[in-house]
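# Architecture at a glance
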Amino acid sequence: MAATAAAVVVAAAVGGGLLLLARRLWPAAAAGKGSATAAAAAAAALCWMEGKTVIITGANSGLGRAAAAELLRRRARVILACRDLARAEEAARELRAEMGLSSRERGGGGGSGGRGELVVRHLDLASLGSVRRFCQQVLQEESRLDVLINNAGIFQCPYMKTEDGFEMQFGVNHLGHFLLTNLLLGLLKSSAPSRIVVVSSKLYKYGEINFDDLNSELNYNKSFAYSRSKLANILFTRELARRLENTGVTVNVLHPGIVRTNLGRHIHIPLLAKPLFNLVSWAFFKTPLEGAQTSIYLASSPEVEGVSGKYFGNCKEEQLLPNAMDDLVARKLWDISEVMVGLLK
Ligand SMILES: NC(=O)c1ccc[n+]([C@@H]2O[C@H](COP(=O)([O-])OP(=O)(O)OC[C@H]3O[C@@H](n4cnc5c(N)ncnc54)[C@H](OP(=O)(O)O)[C@@H]3O)[C@@H](O)[C@H]2O)c1
Ligand SMILES: *[C@@H]1O[C@H](CO)[C@@H](O)[C@H](O)[C@H]1NC(C)=O
């Protein structure tokens, strides 16, 4: 009995492994040509970003890095807003090498003269002081801001607090970006038409804005806290879209799907399960470039010009669940966030 069961498990594992392998290899091989044509088509309709300035938070890794590379390729001036300058400089060096940019390409906010520009700036979203310093520098140095991509995120970390005492996931994913966006709104408005892109997650559906314990002091559940922060991203987007009507500034939110990035750094996978996890993620997860497509689309496509307050996946609008459509909760969250980050005293 036990032997049969073991044999079945082994057979299933081997069979499953082969299936994964096939799934990964054949579509990839077949898509080689297809995606080249698609890339060519996209390039033909290419939304050049020449003369446009884009800020991407968390741009040294994963989705943010992939979006940075693509917008750079389209000749934007891209500001990598990162908490770790060493990691950011390293990503910038690699990106410059990939794009064939010279290493000292930076400037005072002017046009990009026919090629992309890359700028590294320090931004720790777990510190309101850092957010304020970052914005001060941007307002001093940049004459315009065409796109802000709120991409940085932290996922299911152990209970931690930000410098200002907020639960880390709510503090970084929501509150840090809330202050950042508000402090940059003037520049976005004076650069209109301009866009804000917010990276959320499908996991928002398990979230709820429990106003009685936003800092998880009564109870910390790391999955719930992540979902809550991603729900906050969507409610923030919808409320901001309402406030930005007729300003020429749009704001939309997206989920990227499941993507192979460094997001899972706080998740501990048992050593023995690692090979299986790696196989599954390699076979089924999106690459960062695939995952970043919706961010790039919302940042650059003429198709979404004037579109605001919507939720996207795979470059298409999607429907939201009721917990993300409650306008009263969105307003209340906005008001409380203003107080928490010290915009209203
Ligand atoms: N990967 C997925 O499957 C998936 C699914 C749904 C949604 N998302 C969302 O996608 C976004 C990007 O994540 P990713 O998957 O690309 O993960 P990632 O590779 O871990 O990138 C996250 C980025 O956020 C930065 N970051 C974290 N804390 C920060 C802070 N306090 N201040 C400034 N930057 C901070 C990280 O900086 P360091 O490198 O210095 O840590 C990193 O650059 C996140 O908002 C995430 O919630 C991802
Ligand atoms: C934590 O929250 C998730 C939903 O986000 C829920 O499914 C899970 O049961 C919760 N865990 C505990 C221990 O309450």
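Preceding block: the structure.
Read on for a plain summary of the structure. (Residues numbered from 1 in each chain as written. Chains lettered and ligands numbered in written order. Predicted model: local features only at pLDDT ≥ 70, side-chain atom pairs only at ≥ 80, totals over all residues. Heavy atoms only, no water.)

## Observations regarding the site of ligand 1
Taken together, 29 residues sit near ligand 1, with Ser61, Arg83, Tyr226, Thr261 and Arg265 positioned nearest. Between ligand 1 and asparagine 151, the relevant distance is 2.8 Å, taken from an oxygen atom to a main-chain nitrogen or oxygen of the residue. Across the complex, the protein chains shield 96% of the 890 Å² of accessible surface that ligand 1 would expose by itself. Of all elements in the fold, only helix 2 (62-73) and helix 6 (222-243) reach the threshold of two or more residues within the shell around ligand 1. For the shell around ligand 1, the per-class residue count stands at twelve nonpolar, eleven polar and six charged. (Near = heavy atom within 4 Å. Polar contact = N/O pair within 3.5 Å; in protein donor to acceptor, adjacent residues only side chain to side chain. Areas by Shrake-Rupley, 256 points an atom, 1.4 Å probe, with all protein chains shown as cover. Helix = DSSP H or I, 4+ residues; strand = E, 2+ residues; numbered from the N terminus. Nonpolar A, V, L, I, M, F, W, Y, C, P; charged D, E, K, R; others polar.)

## What about the site of ligand 2?
Taken together, Tyr206, Asn221, Ser223 and Phe224 make up the full set of residues adjacent to ligand 2. Between ligand 2 and the protein, one listed contact pairs an oxygen atom with a side-chain N or O atom of asparagine 221 at 2.4 Å. Taking 360 Å² as the accessible area of ligand 2 by itself, protein coverage stands at 34%.

## Considering the environment of tyrosine 220
Inspection of the secondary structure puts tyrosine 220 in the loop between strand 5 (194-199) and helix 6. Classification of tyrosine 220 as partly exposed rests on a relative accessible area of 23%. Through-space distance from the C-alpha of tyrosine 220 to that of methionine 160 is 9.9 Å; in sequence the pair is 60 residues apart. Beyond its immediate stretch of four places on either side in the chain, tyrosine 220 contacts Cys157, Pro158, Tyr159, Glu167, Gln169 and Ala225. Of note is the side chain of tyrosine 220, whose polar atom sits 2.7 Å from the backbone oxygen of cysteine 157. Only 2.9 Å separates the side chain of tyrosine 220 from the side chain of glutamine 169, close enough to count as a polar contact. (Buried < 20%, exposed > 50% of the residue type's maximum accessible area, 1.4 Å probe, protein only. Contact = heavy atoms within 4.5 Å.)

## Some thoughts on the sheet that holds strand 1 (residues 53-57)
Strand pairing within a sheet occurs via backbone hydrogen bonds; the two strands may be parallel or antiparallel. The strand order across the open sheet formed by eight strands is 3-2-1-4-5-6-7-8, and the pairing between neighbours is mixed. This sheet does not close on itself; its edge strands, each paired only once, are strand 3 (117-122) and strand 8 (316-317). Where strand 2 (residues 77-82) and strand 3 come together, six bridges link them in parallel fashion. Along strand 3, the bridge assignment pairs cysteine 82 with histidine 122. Along the sheet face, helix 6 touches strand 4 (147-150), strand 5, strand 6 (249-255) and strand 7 (311-313) and points at about 155° away from the line of strand 6. Relative to the sheet, helix 9 (residues 293-300) contacts strand 4, strand 5, strand 6 and strand 7, its axis offset from that of strand 5 by approximately 160°. (Pairing = 2+ DSSP bridges. Axes fitted to C-alpha atoms, helices over the stretch in contact; angles between N-to-C directions.)

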